Amino acid sequence: GLASVFSNRTSRKSASRTDSDNMADGEGYRNPTEVQMSQLVLPCHTNQRGELSVGQLLKWIDATACLSAERHAGCPCVTASMDDIYFEHTISVGQVVNIKAKVNRAFNSSMEVGIQVASEDLCSEKQWCVCKALATFVAHRELSKVKLKPTLPRTEEEKTEHSVAAERRRMRLVYADTIKDLLANCVIQDDLESRDCSHMVPAEKTRVESVELVLPPHANHQGSTFGGQIMAWMENVATIAASRLCRAHPTLKAIEMFHFRGPSQVGDRLVLKAIVNNAFKHSMEVGVCVEAYRQEAETHRRHINSAFMTFVVLGADDQPQMLPWIRPQPGDGERRYREASARKKIRLDRQVYLSYNNVSSLKMLVAKDDWVLSSESNQVADPTLPALLPPLSSQRSVELVQQVDEDDAIYHVISPALGGDPKPQDFIILASRRKPCDIGEPYVIALRSVTLPTHHETPEYRRGETVCSGFCFWREGDQLTKGLTHKDATCLFHVHSVPTPPPSHPPWLWLPLGQPERPGPQPPDPL
């Protein structure tokens, strides 16, 4: 659901680049925070199917990412969260696991680490991508507050990840509220009443509770429980719960964000609880919760972690098999059942990622190296879509359709006819704005077409589509802002003067961006 950790785009080299930049893009360059781990999968690492246990893989992933974070921070780091992970392939005994981790971006005291996992068959020399992951680590120093040094991206790939990391961080911070809002407003269609209850499995039959005593081998070099070990224990109880429903050996396909809410230390007792929340046709969701307490007499338990894991059962042809229905318990069981249905809908529709993808796509376009200065304009007083479009074309109209939230709005834009077409074009556009999160960051307005059931295509307009376009503004100075365009752009923006802002408003550098639209062979509208 999130943007890829490592882009496959090849850096474009221009004649004006320095020798150091050429070295950065060449094979001789290596990111200073990059850490690599290679592990041979032995029988002790595998599950009952002879495949690498996901729990063991999570431990290796967490260890590699932690070493990368500590290499940048220069002090101990702890795992704060692990984003959604989708497993593309399993790993068999005798194969090699290659894990690569590097810091994409550092913030005040936290940093995002990108991880790439591949498997290697030593006999055939074939390699497969297993999964990609994003982890957040927090630098921790007991006697003083940590202020991390910024990362310095050099390659186009690193610049892309550095730019998009800010949007991913914003998404993590509002993750809980976003999910809560979607669950509250999402129309969830379930068939509890129409299902044949005689062929249902009671959800309580899948409930698992297990306790683990945190011993020194389970702790990291700071004495805290190793985050990867907690994730491995969680995967273990979730697999047991899934097996009790399907009466087979399930395969873990996806994990929805591990979020560590608090630390635990050696001597803590960790209580791990798992239950199947819902079973769909070919997959099931298992909810896992971890609580900690210190002494047996304690009644209060600390919430350490929660996650949702998606399992499937693969047949002899490696295709997902049909699963039995689940019968939830009244009350909390039915709530978990409907929330699991909503989360599946969210994953399929990507509703929660629409704004994120809008901004991240534009930032990836900005990260390209071959932008050139095309025009200059006066300072921009109001960097909003209705204020920006009229100077670009006096014939374009902008109507606000829906104010989604403070930073996102949907507009109906009418543009003049192009290429001899008698009909003007109209667009339904999601505009997502982002304020700079750090010095040197741009003010972003990202645009992309969306579909609304209330605004169908009408006969008087030809419905256009923009995949990725928008504006970026950089602080340049007190007197002038500049406009840039990409050398591959098929249509340039004509930047006109706009009113000078009051002295309190920061001046910005103006960077209009765009990609060709669909459909039609005519030249695209600037949007």
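Source: prediction; values computed, not measured.

Quick notes on the rules
- Residues numbered from 1 in each chain as written.
- Predicted model: local features only at pLDDT ≥ 70, side-chain atom pairs only at ≥ 80, totals over all residues.
- Heavy atoms only, no water.
- Helix = DSSP H or I, 4+ residues; strand = E, 2+ residues; numbered from the N terminus.
- Buried < 20%, exposed > 50% of the residue type's maximum accessible area, 1.4 Å probe, protein only.
- Contact = heavy atoms within 4.5 Å.
- Areas by Shrake-Rupley, 256 points an atom, 1.4 Å probe, with all protein chains shown as cover.
- Pairing = 2+ DSSP bridges.
- Polar contact = N/O pair within 3.5 Å; in protein donor to acceptor, adjacent residues only side chain to side chain.
- Patch = residues over 30% accessible without salt bridge, like charges linked within 9 Å, V, L, I, M, F, W, Y side chains within 5 Å.
- Salt bridge = Lys/Arg side-chain N within 4 Å of Asp/Glu carboxyl O.
- Lys, Arg positive; Asp, Glu negative; His and termini not counted.
- Charge placed at Lys NZ, Arg CZ, Asp CG, Glu CD.
- Phe/Tyr/Trp six-rings, centres within 6.5 Å; stacked < 30°, edge-to-face > 60°.
- Lys NZ or Arg CZ within 6 Å of the ring centre and 35° of its normal.

A. Structural view of the overall build of the chain. Counting its secondary structure elements, the chain contains eight helices and 22 strands. Expressed as a percentage of the 527 residues in the chain, the buried residues total 50%. Considering only contacts in the chain between residues 6 or more positions apart, those separated by 24 or more positions represent 74%. By element, 52% of the accessible surface of the chain is carried by carbon and sulfur atoms, the whole surface being about 25,300 Å².

B. Up close: the pairing of strand 12 (residues 302–312). Pairing geometry for strand 9 (residues 251–260) and strand 12, over seven bridges, is antiparallel. Looking across to strand 12, one finds that I255 is bridged to M309. Pairing between strand 11 (residues 284–293) and strand 12: nine bridges, direction antiparallel. Across the sheet, the residue bridging to G287 is F308, located in strand 12.

C. Region of the structure containing the environment of N305. Position of N305 relative to the elements: it lies in strand 12. The contacts of N305, once residues within four sequence positions are left out, are M234, F258, H259, F260, V288, C289 and V290. Engagement of the side chain of N305 in a polar contact is seen with the backbone nitrogen of H259, the distance being 3.2 Å.

D. Highlighting a positive patch on the surface. Taken together, K205, R244, R247 and R327 make up a surface patch of like positive charges. The class for R247 is exposed, based on a relative accessible area of 67%.

E. Structural detail: a nonpolar patch on the surface. There is a patch of nonpolar side chains on the surface, built from L40, L42 and L122 and spanning about 260 Å² of accessible area. Relative to the helices and strands, L40 is located in strand 1 (residues 35–40).

F. The pattern of salt bridges, seen in detail. One pass over the full model with this rule turns up 16 salt bridges. Ionic pairing is found between R168 and E112, a salt bridge with its closest N-O pair at 2.7 Å. Placement of R168 in helix 3 (residues 156–173) and of E112 in strand 5 (residues 110–120) is noted, with a sequence separation of 56 residues between them. Judged by relative accessible area, which is 2%, R168 ranks as buried.

G. Molecular detail of the packing of aromatic side chains. Scanning the model with the defined rule gives zero aromatic pairs in all. One Lys or Arg, R169, reaches over the ring of F107 and ends 4.5 Å from the middle of that ring.

H. Just the pairing of strand 2 (residues 77–82), in detail. Burial analysis of strand 2 places five of its six residues in the buried class, the great majority of the element. With five bridges connecting them, strand 2 and strand 6 (residues 127–139) associate as antiparallel partners. Of the residues in strand 6, the one forming a bridge with S81 is T136.

Geometric descriptors of this kind do not, in isolation, establish any biological role.
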